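Structural overview
So you can see what is in the structure, the chains are spelled out below.
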Amino acid sequence: METWKEPQIGQRMGGEKNTVGEEPLSPCSRLFNSPDFNCAIIVIMGCKVKGNAPAIIDGLKHTLVNHPRFSSILEMNDGKKGKPSWVRTEVRVEDHVIVPDIDPNIENPDQYLEDYISKLTTIPMDLSKPLWEIHLLCLKTSNAESIGLLKIHHSLGDGMSLMSLFLACTRKTSDPEALPTVAVRKKQFGPSCYTGFFNKIWWLFVGLWFILKLVFNTFVDVLMFALTICFLRDTETPLLAKPGTELVPKRFVHRIISFDDVKVVKNAMKLTVNDVLLGVTQAGLSRYLSRRYDQEATPKSKESMRRIRLRSAIMINLRPNTGIEALADMMAKKSKCRWGNLFGYILLPFSVGLETDPLEYVRRAKVTVDRKKHSLEAVFSMAFFKLILKVLGLKASVVLVRKVIHNTTLTFSNVVGPKEEITFHGHPLSYIAPSVFGHPHALTVHFQSYENKVIISVTADPTVIPDPHKMCDDFVESLKLIKSTVLERGLYEMENVERLHLIICSGSMMMMMIY
């Protein structure tokens, strides 16, 4: 029986060197370019049609390469005043689109794709040209007719900015001239009308309480952040990274779930999508750890798992996100817009344990998220790292960032995607699965909404987490269990309301008959 062949990474050609301008690297970009913190982003695009390299090349010539970061090379020592800089250059798009030769009769295409991406994480970016590339795999998998892999160095931008730029390169499948529609959360605080003396006094007290709560939460979070840098480490679990995990080839796996299932829980419990996804993650990790520990749901095992300290170091984008329309206009007219890495870290605690009530995971998630919303931890962490970078230099900053990540367990993120199906230069997409590698975490969990789906992406160090597929299945099963519990209790509560309504109506009729 023929087995799958080891993937062959396509050949690269470099040589772009015709410089026309330069711009210094931001502090965050310098951090991502350090040898000890060399991070890159991979976006897996499942296409509904066979790959067409000429169409993608032609489309990129009119979009992505018009962005300054994607048409600049990195000069570490030859920039202004000898500092690292982005230097504009002529881009040959053909050198950035890689089409490997793949046997069309391969036995296990899903495994081939997983191995191809894993090997891709071990190959450093070519510094002689702009730090991005697209691999087009003519490979039919279980969820797509062909696969596109967009690999971007993290120094080019933060995750939110890069995702917005990617979406600005796409169009609605239903309307080839229209940009995708992305949900925007409206922020509201208080009523629209503040007239009346007592109303103003009330909202004055509310504002004071909000400020006190913000100061207290920020103080506690900054203190915990400082302790984490010094010595406070997460509990030793089967998820905690080993030294050198950033150099180990990662495994990228994903699952696709229904966005409607998430909305059922969200609407029934009056939560946000973030609350539900964090609750699903806590439930999935609890299931996974209980299996690795070979524990059953007993009072003793519940108490032992609740004592586990498990946190995520999350990067929070502090720059106002550039809209898709502005990025599309910038690429079309070759104009300028706000861009770059500007982020801070927050430490998000995860509550793990074998709960008898599945909804408890979601309730705990809401409490955690609501508290983090009333804290300036991300702003203080950004200011602290920028100060260290300015005073002590890049090496000291890298050491401190690595200590924060080394003392926590995982990377967690959630990005809002298009509401409808989109097309990437003639290729309708069935799913989008972004993730990141190169940082010293053994586990990265990312949620990406797209159309009526949510894609769960798990990036794992196989020496620490040998069964990432089972972890993905745990997330899927956790959502099913939470949803079924919500529906059961919702029907039960509805039946109680209807019974109460019938009792009231019967009582009213009896009173009318008496009178």
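All values derive from a computational prediction rather than experimental measurement. (Residues numbered from 1 in each chain as written. Predicted model: local features only at pLDDT ≥ 70, side-chain atom pairs only at ≥ 80, totals over all residues. Heavy atoms only, no water.)

**So, the overall build of the chain**
We apply this condition: Helix and strand assignments come from DSSP, with helices taken as H or I runs of at least 4 residues and strands as E runs of at least 2, each series counted from the N terminus. Think of it in three bands: residues with accessible area under 20% of the maximum for their type are buried, residues over 50% are exposed, and the middle band is partly exposed, with areas taken using a 1.4 Å probe on protein chains only. By definition, residues are in contact when any of their heavy atoms lie within 4.5 Å.
On a plain count of helices and strands, the chain comes out with 13 helices and 16 strands. With 515 residues in all, the chain has 51% of them scored as buried. Long-range pairs, those at least 24 residues apart, make up 81% of the contacts in the chain between residues at least 6 apart in sequence.

**Side note on the pairing of strand E11 (residues 343-350)**
Which entries qualify depends on this criterion: Any two strands with at least two DSSP-identified bridges between them are counted as paired.
Of all eight residues in E11, seven are buried, a share of seventy percent or more. Sheet analysis places strand E10 (residues 310-317) next to E11, joined by eight bridges and oriented antiparallel. Of the residues in E11, the one forming a bridge with Ile 316 is Gly 344.

**Considerations on the UniProt feature "transmembrane region" (unreviewed entry) in the chain**
Note the cut-off: UniProt positions are given in the numbering used here, feature names are shortened, and annotations may be inferred rather than shown by experiment.
Per the UniProt record, the feature "transmembrane region" (unreviewed entry) sits at residues 201-232. Along residues 201-232 the backbone is 94% helical and 0% strand, and the end-to-end C-alpha distance reaches 43 Å.

**So, empty space enclosed by the protein**
In plain terms, the rule: The distinction between a cavity and a pocket rests on a 1 Å grid over the protein atoms alone: a 1.4 Å probe fits inside a cavity but cannot get out, while a pocket stays open yet meets protein on both sides within 12 Å along at least five of seven lines, and a residue with an atom within 4 Å of a point counts as lining. Grid points are joined across faces, edges and corners, and a volume is the space filled by probe spheres set on the points. Basically, the charged four are Asp, Glu, Lys and Arg, the nonpolar ten are Ala, Val, Leu, Ile, Met, Phe, Trp, Tyr, Cys and Pro, and anything else, Gly included, counts as polar.
By the definition in use, this model includes four cavities of 30 Å³ or more. Looking at the largest cavity, its volume works out to about 140 Å³. Forming the walls of the largest cavity are 13 residues, and the residues nearest its centre are Pro 27, Cys 28, Leu 31, Phe 385 and Lys 386. For the lining of the largest cavity, the elements supplying multiple residues, two or more each, are helix H1 (27-32), E11, helix H11 (377-392) and helix H12 (394-406). Here the lining of the largest cavity is composed, by residue class, of nine nonpolar, three polar and one charged. In this structure, the second largest cavity spans a volume of roughly 50 Å³. What lines the second largest cavity is simply Leu 60, Leu 64, Phe 70, Leu 150, Ile 152, Leu 162, Leu 165, Phe 166, Cys 169 and Phe 424.

**Focus on the packing of aromatic side chains**
Filter applied, for reference: Stacked, tilted and edge-to-face are the three classes assigned to paired rings of Phe, Tyr and Trp, where Trp is represented by its six-membered ring and a pair needs centres within 6.5 Å; plane angles under 30 degrees give stacked, over 60 edge-to-face, the rest tilted. For a lysine, the NZ atom is tested; for an arginine, the CZ atom; a charge sits over a ring if that atom is within 6 Å of the ring centre and within 35 degrees of the ring normal.
Going through the model one piece at a time under the given rule, you end up with ten aromatic pairs. Sitting over the face of the ring of Phe 259, Lys 263 holds its NZ or CZ atom 4.7 Å from the ring centroid.

**A short note on the sheet that holds strand E8 (residues 171-172)**
Paired through backbone hydrogen bonds, the strands of a sheet run either parallel or antiparallel to each other. If you trace the seven strands from one edge of the open sheet to the other, you get E5-E6-E7-E2-E14-E13-E8, paired in mixed fashion. Either end of the sheet is taken by a strand with one partner, and the two such strands are strand E5 (97-98) and E8. Strand direction decides the pairing type here: strand E2 (residues 40-47) and strand E7 (residues 146-153), joined by eight bridges, are antiparallel. Looking at the pairing, Ile 42 lines up with Lys 151 of E7.

**Some details on the pattern of salt bridges**
Put simply, the rule reads: For this analysis, a salt bridge means a side-chain nitrogen from Lys or Arg found within 4 Å of a carboxyl oxygen belonging to Asp or Glu.
In this structure the tally under the stated criterion is 24 salt bridges. Put simply, Arg 363 and Asp 357 hold a salt bridge, and the shortest N to O gap is 2.9 Å. Here Arg 363 falls in the partly exposed class, since its relative accessible area comes to 35%. Asp 357 gets classed as buried once you look at its relative accessible area, which sits at 17%. One continuous salt-bridge network, built from bridges that share partners, spans Glu 355, Asp 357, Glu 360, Arg 363, Arg 364 and Arg 489.

**Some remarks on the packing of H11 against H12**
Here is the rule: The angle between two axes is taken between their N-to-C directions and runs from 0 to 180 degrees, where each axis is a line fitted to C-alpha atoms and a helix contributes only its stretch in contact.
Contact geometry of H11 with H12 gives a least axis separation of 7 Å together with a crossing angle of 145°. Between H11 and H12, the contacting residues are Phe 384, Phe 385, Ile 388, Leu 389 and Leu 392 on the first element and Leu 394, Ala 396, Ser 397, Leu 400, Val 401 and Val 404 on the second. Classifying every residue of the contact of H11 with H12 by side-chain character gives ten nonpolar, one polar and no charged.

**So, the packing of helix H6 (residues 259-269) against helix H7 (residues 273-292)**
Heads up, the rule is: Any angle that is under 35 degrees is reported as roughly parallel, and any over 145 degrees as roughly antiparallel; angles of 65 to 115 degrees are reported as roughly perpendicular and all others as oblique.
Taken N-terminus to C-terminus, the directions of H6 and H7 make an angle of 105°; their axes are 9 Å apart at the nearest point. When the interaxial angle is binned, H6 and H7 end up roughly perpendicular. When H6 is examined against H7, the residues Phe 259, Val 262, Val 265 and Lys 266 are found in contact with a partner set consisting of Val 273, Val 276 and Leu 277. In terms of residue class, the contact of H6 with H7 is built from six nonpolar, no polar and one charged.

**Here we look at the environment of Ala 226**
By the secondary structure assignment, Ala 226 is in helix H5 (residues 197-230). For the pair Ala 226 and Val 404, spaced 178 residues apart in sequence, the C-alpha to C-alpha distance is 9.1 Å.

**A closer look at helix H10 (residues 359-373)**
The α-helix winds at 3.6 residues per turn, so residues separated by three or four positions along the chain end up facing the same way. We apply this condition: To estimate how far a helix should extend, the number of its residues minus one is multiplied by 1.5 Å.
Across its 15 residues, H10 extends 21 Å between first and last C-alpha, which sits within 8% of the 21 Å expected from 1.5 Å per residue. The complete set of buried residues in H10 reads Leu 359, Tyr 361, Val 362, Ala 365, Thr 368, Val 369 and Lys 372.

**Thoughts on H11**
Compared with the 22 Å implied by 1.5 Å per residue over 16 residues, the 22 Å span of H11 between its first and last C-alpha is a close match. Just past H11, the residue Gly 393 takes up positive phi, approximately 100°.

**Remarks on the nonpolar core**
Here is a general trend for soluble globular proteins: nonpolar side chains tend to be buried in one another's company. As a reminder of what qualifies: Side-chain atoms within 4.5 Å link the members of a nonpolar core, which is a set of buried Ala, Val, Leu, Ile, Met, Phe, Trp, Tyr and Cys residues.
The biggest cluster of nonpolar side chains holds 75 residues, and the ones touching the most others in it are Phe 37, Leu 60, Leu 149, Phe 166, Tyr 345, Phe 424 and Leu 429. The dominant element in this core, judged by the number of residues it contributes, is E2, at seven residues. Every residue in contact with Leu 429, bar those within four places of it in the chain, is listed here: Met 45, Gly 46, Cys 47, Lys 48, Phe 166, Glu 421, Ile 422, Phe 424 and Tyr 450. Within the second largest apolar cluster, 50 residues are counted, among which are Ile 257, Leu 310, Ala 378 and Cys 472.

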